[in-house]
Amino acid sequence: MNIKKKIREDAMNKIDEALGEKPESVTRKKRHILPKVLIPLGAAALIAGVIVGGIAIGKMNVSPIDEFSKRNPYLVKARESREARDLVISKKSADIYSNFVLSSALKVLSNANASMSYSPFDAFVNFAAITYFSNDDISNALLPMFGSPSLNELADAVYELTYALGTPTFSMEQMYGQDEPVKMENGGYSANSLWTGKLPLKNDEEGKKAREALVEKFLSSIIEGKPDADGVSKWLESCLPEGYEIPKLTLPDADEAAAFVSSYFLKINNRNRDADYRNYLSGNHHMPYSWNGKTIQSEYLSHITWDGATYYESDHLLGGSYLSVDFFLPKDEEASPNSILNEVVEQAYARKHAAFYEINVPYFTIADQHIDLLEEVYAPYCSKRVGVMEKVFQDEMELMDVSQHSKVNLDYEGFSSSSVTISYMVPTSAQQSEHFHLDVDRPFVFQSKKVLKMDNEHYAELPTCIGLVYDPAYQAR
């Protein structure tokens, strides 16, 4: 059975159950489910898209769920995991995502002179949404960053990759120091939402199709609330399983504003966690780590195998892998990592095999990071910022900010990455009224008015004097 058809049947059966109806024709295996995803009231076709993607997965925190249920009372349980053998994506979708990584990662990271990370997947979903739902001028300007696919191909890529990268697989594996197999996850969690604030959505045919695509293709909840750091954080808490840390968020503050929020949370558990934790507690498990002319003693993870493994090499770099993470060093010990960034992103290196394989990786953390993607990624492709999300909102919207908030950590627990990308927009009418400056420094018209109440309880503004001034005939002292 085609994977999309199978997923959709599973989703529709879940809808039937939620509505109190028993599926008639499809026999399903029991699946693990966790609450809950928030979506707008609407047709089953809209609901299906959210269930299929498994976008909001985890334990339910009662307070956030109660808070959001007041605005979005329809709650549907989402998939917890997928089966590895079901994972199939098209080459087209893979190419679209690879093109975006190539076009954005170098712009974001190439000038970094301090620790910095970039999460391409949530950025990909966010920019894909801006491209798909904006006017033709903006869409056509942004499509080249994805390799110039059609809008439908771009939406299909978001759908396929969210399912593939944003819904984890699970397996039972024996970990060091454990008597019983431990449930191990491979992959991340993805959650998306459109925050509409008080702004009206389009209710014509284009608007209805856009809302359908938001839920079915972009696997997005639609939340009628003001996009602010506290609200978005609480929404993410309701989406994620226990043990995932949300990065510190900062958003602009406007009374009338909307935002599209995409997120990606990845955790790769360390199979040798107990042994590495004991090493950490011992205080004498160190290796020297040098940068900018100074050296520290760093705690580290070590991986050794005599079973053979793959490493990476070019004229300029040497790299290896551990915990499904690749690590690359410039061969020139004096060179900056920026010098090999291009080869890493473009995968311009050879893959080689070693019978004996050893890699030692220092603990590291990059916390509370905020990257401006509007100037780094959007601006090189598109100068227009008015007309974003035109297919969704009634008002003409202006893109004010696109930023990524993230944190990354590697220690005895394993590798984790938490990232949230937010595109923040306001109606252009609100923006025009926020900033005003006038120097009356040339001939002008003036008018005085009197405001009077009328018998119908309304008020009238009645001019009492109107004039023109050319020469003010009044000198400053």
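Keep in mind it's a predicted model, so treat the numbers as computed, not measured. (Residues numbered from 1 in each chain as written. Predicted model: local features only at pLDDT ≥ 70, side-chain atom pairs only at ≥ 80, totals over all residues. Heavy atoms only, no water.)

## Some details on a nonpolar patch on the surface
The grouping of Tyr289, Trp291 and Ile296 at the surface amounts to a nonpolar patch, some 280 Å² of accessible area in total. Tracing the sequence through the fold places Ile296 in strand S9 (residues 294-305). According to the relative accessible area criterion, Ile296 is partly exposed, its value standing at 39%. (Patch = residues over 30% accessible without salt bridge, like charges linked within 9 Å, V, L, I, M, F, W, Y side chains within 5 Å. Areas by Shrake-Rupley, 256 points an atom, 1.4 Å probe, with all protein chains shown as cover. Salt bridge = Lys/Arg side-chain N within 4 Å of Asp/Glu carboxyl O. Helix = DSSP H or I, 4+ residues; strand = E, 2+ residues; numbered from the N terminus. Buried < 20%, exposed > 50% of the residue type's maximum accessible area, 1.4 Å probe, protein only.)

## Re the side chain of Glu160
Relative to the assigned elements, Glu160 resides in helix H7 (residues 151-165). Polar side-chain contacts of Glu160 include one of 2.8 Å to the backbone nitrogen of Ser90. (Polar contact = N/O pair within 3.5 Å; in protein donor to acceptor, adjacent residues only side chain to side chain.)

## Focus on the confidence of the model for the chain
For the chain, per-residue confidence averages 76 on the pLDDT scale, and 69% of positions sit at 70 or higher. Low confidence marks residues 73-79, where pLDDT is under 50. Its contacts with residues over four positions away, or in another chain, come to 34 contacts. A low-confidence stretch, residues 430-435 (pLDDT under 50), is modelled with 4 contacts involving residues beyond four sequence positions or located in other chains. (pLDDT = per-residue confidence, 0-100. Contact = heavy atoms within 4.5 Å.)

## Observations regarding the pattern of salt bridges
For the structure shown, the criterion picks out 12 salt bridges. Between Lys331 and Glu313 there is a salt bridge, with its nearest N and O atoms 2.7 Å apart. Placement of Lys331 in the loop between strand S12 (325-330) and helix H11 (338-345) and of Glu313 in strand S10 (residues 309-313) is noted, with a sequence separation of 18 residues between them.

## Some remarks on the packing of helix H5 (residues 120-133) against H7
Packing of H5 against H7 leaves a shortest axis separation of 10 Å and a crossing angle of 155°. Accordingly, the angle class assigned to the pair H5 and H7 is roughly antiparallel. Judged by the twist between their axes, the crossing of H5 over H7 is left-handed. Here Phe121, Phe124, Val125, Ala128, Thr131 and Tyr132 of H5 come into contact with H7, specifically with Leu151, Asn152, Leu154, Ala155, Ala157, Val158, Leu161, Thr162 and Leu165. In terms of residue class, the contact of H5 with H7 is built from 12 nonpolar, 3 polar and no charged. (Axes fitted to C-alpha atoms, helices over the stretch in contact; angles between N-to-C directions. Parallel < 35°, antiparallel > 145°, perpendicular 65-115°, else oblique. Left-handed = near helix turned anticlockwise from the far one by under 90°. Nonpolar A, V, L, I, M, F, W, Y, C, P; charged D, E, K, R; others polar.)

## Things to note about the nonpolar core
Core analysis: the biggest nonpolar cluster contains 71 residues, and Phe124, Phe127, Phe133, Tyr378 and Phe393 have the highest contact counts within it. The element that contributes the greatest number of residues to this core is H5, accounting for 10 residues. Aside from chain neighbours lying at most four places away, what touches Phe124 is Ile96, Tyr97, Phe100, Phe146, Leu154, Ala157, Val158 and Leu161. Residues Leu236, Cys239, Ile246 and Ala257 belong to the second largest nonpolar core, which totals 22 residues. (Core = buried A, V, L, I, M, F, W, Y, C linked by side-chain atoms within 4.5 Å.)

## As for the packing of helix H4 (residues 91-109) against H7
Taken N-terminus to C-terminus, the directions of H4 and H7 make an angle of 95°; their axes are 9 Å apart at the nearest point. Considering the angle they form, H4 stands roughly perpendicular to H7. Facing H4, whose interface residues are Lys92, Ser93, Ile96 and Tyr97, H7 presents Glu153, Leu154, Asp156, Ala157, Glu160 and Leu161. Per-class residue counts for the contact of H4 with H7 are 5 nonpolar, 1 polar and 4 charged.

## Concerning the pairing of strand S5 (residues 188-195)
Most of S5 is tucked away: 8 of the 8 residues are buried. Every second residue of S5 is oriented toward a common face, with Gly188, Ser190, Asn192 and Leu194 on one face and Tyr189, Ala191, Ser193 and Trp195 on the other, all of them buried. As defined by bridge partners, S5 adjoins strand S7 (residues 258-269) across 8 bridges and the pair is classed as antiparallel. Residue pairing across strands places Tyr189 opposite Phe265, the latter belonging to S7. When S5 meets strand S6 (residues 220-223), the two strands line up parallel, connected through 4 bridges. Paired with Ser193 across the two strands is Ser221, which belongs to S6. (Pairing = 2+ DSSP bridges.)

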